[in-house]
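The chain contents come next:
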Amino acid sequence: MKQKELHIDGIDKVILKHLMKDARTPILGIAREIGISGAAIHQRLRKLESVGLIAGSKFIINPKVLGYKTLAFVGIFLDAASKYSAAIKRLKEIPEVIESHYTTGNYAIFIKILCRDNEHLMHLLNQDIQSIKGVARTETFISLDQQIDRQINL
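- The protein is annotated in an unreviewed UniProt entry as Lrp/AsnC ligand binding domain-containing protein of Lutibacter aestuarii.

1. Re the nonpolar core
- One finds Ile76, Leu78, Leu91, Ile109, Ile111, Ile113 and Ile129 to be the most contacted residues of the largest nonpolar core, which totals 20 residues.
- Secondary-structure elements contributing two or more residues to this core are strand S1 (70-78), helix H4 (84-91), strand S3 (109-115) and helix H5 (118-129).
- Once residues lying within four places of it in the same chain are set aside, the contact partners of isoleucine 113 are Thr70, Leu71, Ala72, Val74, Glu96, Val97, Ile98, Leu121 and Ile129.

2. Concerning the packing of helix H2 (residues 27-34) against helix H3 (residues 38-50)
- Between H2 and H3, the shortest axis-to-axis distance is 8 Å and the interhelical angle comes to 105°. By the angle class used here, H2 and H3 are roughly perpendicular. Side by side, H2 and H3 meet where Ile27, Leu28, Ile30 and Ala31 of the first sit next to Gly38, Ile41, His42 and Leu45 of the second.

About the thresholds
Residues numbered from 1 in each chain as written. Predicted model: local features only at pLDDT ≥ 70, side-chain atom pairs only at ≥ 80, totals over all residues. Heavy atoms only, no water. Core = buried A, V, L, I, M, F, W, Y, C linked by side-chain atoms within 4.5 Å. Buried < 20%, exposed > 50% of the residue type's maximum accessible area, 1.4 Å probe, protein only. Helix = DSSP H or I, 4+ residues; strand = E, 2+ residues; numbered from the N terminus. Contact = heavy atoms within 4.5 Å. Axes fitted to C-alpha atoms, helices over the stretch in contact; angles between N-to-C directions. Parallel < 35°, antiparallel > 145°, perpendicular 65-115°, else oblique.

Following this line, the structure appears as structure tokens:
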């Protein structure tokens, strides 16, 4: 079944742009700018949440303040596709793994991990990730700097 494309109007876009920039923006301030009531904004937000456009809101923690200064991406090669579910189950047990993607191309799994330093990264790779049953080998890319961090434009 083909999913119907969601239509959002100009008012929805203004509301979303404000909240995407800063989720703590006061609703009443947005309401005054647009010229509608705060209740109308809450109603629109509930509608957008119910159709799945808004997936939630969260505070973003700066990992460097907590001592996590090394960000790496790891491509994981599995010795058999049937090992995927078990490998993911084990990766979920490693708190430094902050994202996981099932991909096409060379890697079966592509993960994003945060580490305190390169020594911590090496420990995670050697002791935790490469010891997972079914992991044939890994390929690691250390991020030197993040230039783009954004959501899709409305």
